[in-house]
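# Geometric and topological summary
Residue strings, one per chain:
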Amino acid sequence: MAPRFNTLGMEGFRKALKDKGLKATPQRVAVHEAMLRLVHASAEMVREDVLGNGGRITVSSVYNILSQMADIGIYSRRLSAAGRKIFDVVPTRHLHMYDVVEDVYKDVADPELLDLVETYLHRHRFKGHKIEDIDISLVCRPTRRGRSALTPKLKK
Ligand SMILES: [Zn+2]
């Protein structure tokens, strides 16, 4: 799948690591390659992908790498309704659809909706609180037409 949104390709990933004083170890590279394929994934999913591509890594190593990358802003974190810790290869703000049946996130390319919500919230005050981030997930279940119908814009 071609990278969308603000995903770092391999070259950008290596550069981002270098900028943070980190080495592009084979394990970090393997995890990032898996994340580019999976887009949203738990440590278990990344491990399976790495193993499926001939690599070797433990779930805890994967988890540590994913967490470290999230801490330095290369990935973002999500929590699925089923309680799984999901990492997102896109670190910047974007919309999601969450499929409650499959327990998966999908990116939604709809900057207009995001702008609408941001503009609305900008004009509102929440006493005692300051909005730090906006995280929108449209909670969905597949229609009879199937899961591909959920994200027509992304299916080109
Ligand atoms: Zn996403």
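All values derive from a computational prediction rather than experimental measurement.

Definitions and cut-offs
- Residues numbered from 1 in each chain as written.
- Predicted model: local features only at pLDDT ≥ 70, side-chain atom pairs only at ≥ 80, totals over all residues.
- Heavy atoms only, no water.
- Phe/Tyr/Trp six-rings, centres within 6.5 Å; stacked < 30°, edge-to-face > 60°.
- Helix = DSSP H or I, 4+ residues; strand = E, 2+ residues; numbered from the N terminus.
- Buried < 20%, exposed > 50% of the residue type's maximum accessible area, 1.4 Å probe, protein only.
- Domains from an automatic or database assignment.
- Contact = heavy atoms within 4.5 Å.
- Buried area = accessible area lost by both parts, 1.4 Å probe.
- Salt bridge = Lys/Arg side-chain N within 4 Å of Asp/Glu carboxyl O.
- Polar contact = N/O pair within 3.5 Å; in protein donor to acceptor, adjacent residues only side chain to side chain.
- Nonpolar A, V, L, I, M, F, W, Y, C, P; charged D, E, K, R; others polar.
- Pairing = 2+ DSSP bridges.
- Axes fitted to C-alpha atoms, helices over the stretch in contact; angles between N-to-C directions.

All right, on to the packing of aromatic side chains then. Tallied over the full model, the rule gives 2 aromatic pairs. Between Tyr63 and Phe87 the ring centres are 5.9 Å apart and the planes differ by 75 degrees, which places this aromatic pair in the edge-to-face class. Of this pair, Tyr63 sits in helix 4 (residues 59–71) while Phe87 sits in strand 3 (residues 85–88), and the two are 24 residues apart along the sequence. The exposure class assigned to Tyr63 is partly exposed, which follows from its relative accessible area of 29%.

Often, the extent of an interface is quoted as the loss of accessible area upon association of its parts. Under the domain assignment, the protein chain is made up of domain 1 (10–88) and domain 2 (95–154). Here the C-alpha centre of domain 2 lies 23 Å away from the C-alpha centre of domain 1. Contact residues are listed per partner, giving 10 residues for domain 1 and 8 residues for domain 2. Summed over both partners, the interface of domain 1 with domain 2 buries about 710 Å², with 41% contributed by carbon and sulfur atoms. Sorting the residues of domain 1 by area buried against domain 2 places His40, Arg78 and Arg84 first, and these three jointly supply 61% of that buried surface. At the boundary of domain 1 and domain 2, one finds 2 salt bridges. The partner of Arg84 in a salt bridge is Asp103, with the nearest N and O atoms 2.8 Å apart. The interface formed by domain 1 and domain 2 contains 10 residue pairs in polar contact (both at pLDDT 80 or more). When its residues are assigned to classes, the side of domain 1 that touches domain 2 shows 5 nonpolar, 2 polar and 3 charged.

Moving on, we get to the sheet that holds strand 4 (residues 95–99). What the 3 strands build is an open sheet, ordered 5-4-6; its pairing is mixed. Every other strand in the sheet has two partners, leaving strand 5 (104–108) and strand 6 (137–140) as the edge strands with one partner each. Each strand of the sheet is rotated relative to its neighbour by a mean of 25 degrees, with strand direction disregarded.

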